[in-house]
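Examination of the molecular architecture
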Amino acid sequence: PSPRCSVSQNKLVERCERLQLQSAAIARHVDEVLPAKDQGVLSAASAARELVIQRLLLVGKACENEEQRLLERVHTEEERAHQSILTQQVHWTEALHKLGALRTYLVDMITNRDDQDLLRAEQEIFERTELAEGILEPQESLKLNFNQTCVQSPLLHRLWACAVLCCLTGTQEIHIDEKTLSPHLSLSEDKRTLTFSPKKAKVDLDCPERFDHWPNALAIASFHSGVCAWKVSVEQSCAYKLGVCYSSVPRKGSANEGRLGFNAASWVFSRYDKEFRFLHAGQPQPVELIKAPAEIGVLLDFAGGELLFYDPDSCAILFSHREAFLEPVYPVFAVAHQSISL
């Protein structure tokens with residue numbers, strides 16, 4: 001064959017060899033690799049199912065044990081309070097009987113005895129009336145109340161919080177009430193971002209809803225029932241507060257009473273530089289965090305009396321507080337550096 005033909009033949013031979021190698025690789029992939037992968041998937045899926053079942057069984061067992069423990073504590077507390085009430089009933093029934101008998105005796109002495117009889121019975125009258133004076137009037141006693149702390153359980157609390165957060169369909173659509181805005185704050189058009197400014201804006205400070213000194217703002221709507229949650233992006237700020245308050249929260253003047261968490265009408269999670277705290281009624285409680293959160297979630301269980309601050313990514317509880325809220329509460333915010341966003 002001519003040199004040109006030989007070159008073409010060599011190229012075809014090389015091509016055939018490559019095709020043969022390619023076919024062998026594909027055949028090995030089909031015959032060996034894919035079945036092995038399929039077997040690996042089956043094994044991994046089986047192990048994953050087993051892990052899920054084992055862990056859920058463990059969680060279920062823990063829940064059963066905690067349920068039994070807490071129900072026993074509830075029963076014990078119920079019996080204790082019930083027995084205290086029965087004891088009080090017996091005691092005060094006897095006291096009533098004694099006082100009734102004494103009154104009957106005194107009425108009889110007054111109406112049916114002459115002066116001589118009264119003088120002769122003076123010592124007896126004194127002793128019997130002195131006995132009655134030893135019977136004090138009933139006083140309020142905590143022993144007669146059911147102690148709700150008997151159901152406090154860190155395990156149940158964490159499981160409940162995680163379950164609620166997982167079951168919530170979404171966070172609440174909250175918007176900030178512009179009428180409440182401090183002159184140190186500006187509000188974005190969508191009413192969801194608060195930005196701090198050291199310079200006061202020119203606003204109507206006589207507006208009764210407005211905070212005129214401290215950099216605070218309230219949401220438009222309040223909550224008075226159910227369970228609700230909202231999230232706040234705080235990564236831009238190193239000085240902020242967020243939580244809930246009553247509408248009666250002080251809004252005027254520079255006194256400490258107007259600062260969120262320094263009055264009885266507000267409950268807030270606070271950051272100032274590297275210090276994190278929960279504040280209510282001027283009583284700070286430190287919150288130890290490994291790192292500053294970029295986002296904080298607020299969970300409010302109004303009927304259950306639970307206010308909880310959490311990390312939305314991990315559902316880790318940052319701080320929780322129990323409070324029997326007596327009136328509707330508003331989401332409330334304060335910013336003293338940069339901005340925060342709902």
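These numbers were taken from a predicted model, which means no experiment stands behind them.

The next point concerns the overall build of the protein chain. From N to C terminus, the protein chain includes 4 helices and 13 strands. Against the globule reference of 20 Å for 342 residues, the protein chain gives a C-alpha radius of gyration of 37 Å, more extended than a compact globule. Across the 342 residues that make up the protein chain, the buried fraction comes to 29%. Pairs at least 24 apart in sequence give 65% of the contacts found in the protein chain among residues at least 6 apart. Distance between charge centres in the protein chain, computed from 36 positive and 46 negative side chains, equals 13 Å.

The next point concerns the packing of aromatic side chains. Tallied over the full model, the rule gives 8 aromatic pairs. Taken together, a centroid distance of 5.5 Å and an interplanar angle of 15° make the contact between Phe223 and Trp230 stacked. As far as burial versus exposure is concerned, Phe223 and Trp230 are alike and both buried. Geometrically, the ring pair formed by Phe278 and Phe309 is tilted, given 6.2 Å between the ring centres and 55° between the ring planes.

Before going further, it helps to examine unusual backbone geometry. For Lys191, which is not a glycine, the phi torsion comes out positive at approximately 60°. Given the relative accessible area of 27%, Lys191 is considered partly exposed. A positive phi is found at Gln338, a non-glycine position, where the angle reads about 55°. Along the chain, the position of Gln338 falls in the loop between β12 (330–335) and β13 (339–341).

The next subject is the sheet that holds strand β8 (residues 285–286). Read across the sheet, 6 strands follow the order β3-β12-β5-β6-β7-β8 without closing on themselves; strand pairing throughout is antiparallel. Only two strands of the sheet have a single neighbouring strand rather than two, namely β3 (216–218) and β8.

Inspection of the entire model under this criterion finds 7 salt bridges. Across the pair Arg80 and Glu77 runs a salt bridge whose closest N-O atoms are separated by 2.7 Å. Of this pair, Arg80 and Glu77 both sit in helix α1 (residues 3–112), 3 residues apart, which is roughly one turn of that helix. Given a relative accessible area of 31%, Arg80 falls into the partly exposed group. We note a salt bridge from Arg277 to Glu275, for which the minimum N-O separation is 3.8 Å. Since its relative accessible area comes to 22%, Arg277 is described here as partly exposed.

The computed volume of the largest pocket comes to approximately 430 Å³. Lining the largest pocket are 13 residues, and of these Val151, Gln152, His157, Glu306 and Arg322 sit closest to its centre. Examining the composition of the lining of the largest pocket, we find that 4 residues originate from one element, helix α4 (residues 154–167), more than from any other. In the lining of the largest pocket, the residues fall into 4 nonpolar, 6 polar and 3 charged. Roughly 290 Å³ of volume is contained in the second largest pocket. Surrounding the second largest pocket, 18 residues form its lining, Lys241, Arg259, Ser270, Tyr272 and Ala336 being those nearest its centre. Elements represented by at least two residues in the lining of the second largest pocket include exactly β5 (239–245), β6 (266–272), β7 (275–280) and β12. Split into classes, the residues belonging to the lining of the second largest pocket amount to 11 nonpolar, 2 polar and 5 charged.

The subject of this paragraph is the pairing of β7. Regular strands place side chains that alternate from one sheet face to the opposite one. The sheet contact formed by β6 and β7 spans 6 bridges and is antiparallel. Bridge pairing in β7 links Phe269 to Phe278. Counting the residues that bridge the hairpin from β6 to β7 gives 2 residues, and of these Asp273 lies at a positive phi of roughly 60°. Judged from the 2 bridges that link them, β7 and β8 form a sheet pairing that is antiparallel. Considered in β8, the bridge of Arg277 is made with Pro286. Connecting the antiparallel pair β7 and β8 is a turn made up of 4 residues, with Ala281 showing a positive phi of about 55°.

One can read the domain layout of the protein chain as domain 1 (1–132) and domain 2 (154–341). Centre-to-centre, using C-alpha coordinates, domain 1 lies 29 Å away from domain 2.

Conventions and cut-offs
Residues numbered from 1 in each chain as written. Predicted model: local features only at pLDDT ≥ 70, side-chain atom pairs only at ≥ 80, totals over all residues. Heavy atoms only, no water. Helix = DSSP H or I, 4+ residues; strand = E, 2+ residues; numbered from the N terminus. Rg over C-alpha atoms; globule rule 2.2 N^0.38 Å. Buried < 20%, exposed > 50% of the residue type's maximum accessible area, 1.4 Å probe, protein only. Contact = heavy atoms within 4.5 Å. Lys, Arg positive; Asp, Glu negative; His and termini not counted. Charge placed at Lys NZ, Arg CZ, Asp CG, Glu CD. Phe/Tyr/Trp six-rings, centres within 6.5 Å; stacked < 30°, edge-to-face > 60°. Pairing = 2+ DSSP bridges. Salt bridge = Lys/Arg side-chain N within 4 Å of Asp/Glu carboxyl O. 1 Å grid on protein atoms, 1.4 Å probe; cavity = no way out; pocket = protein on both sides within 12 Å on 5 of 7 lines; lining within 4 Å. Points joined across faces, edges and corners; volume = space filled by probe spheres on them. Nonpolar A, V, L, I, M, F, W, Y, C, P; charged D, E, K, R; others polar. Domains from an automatic or database assignment.

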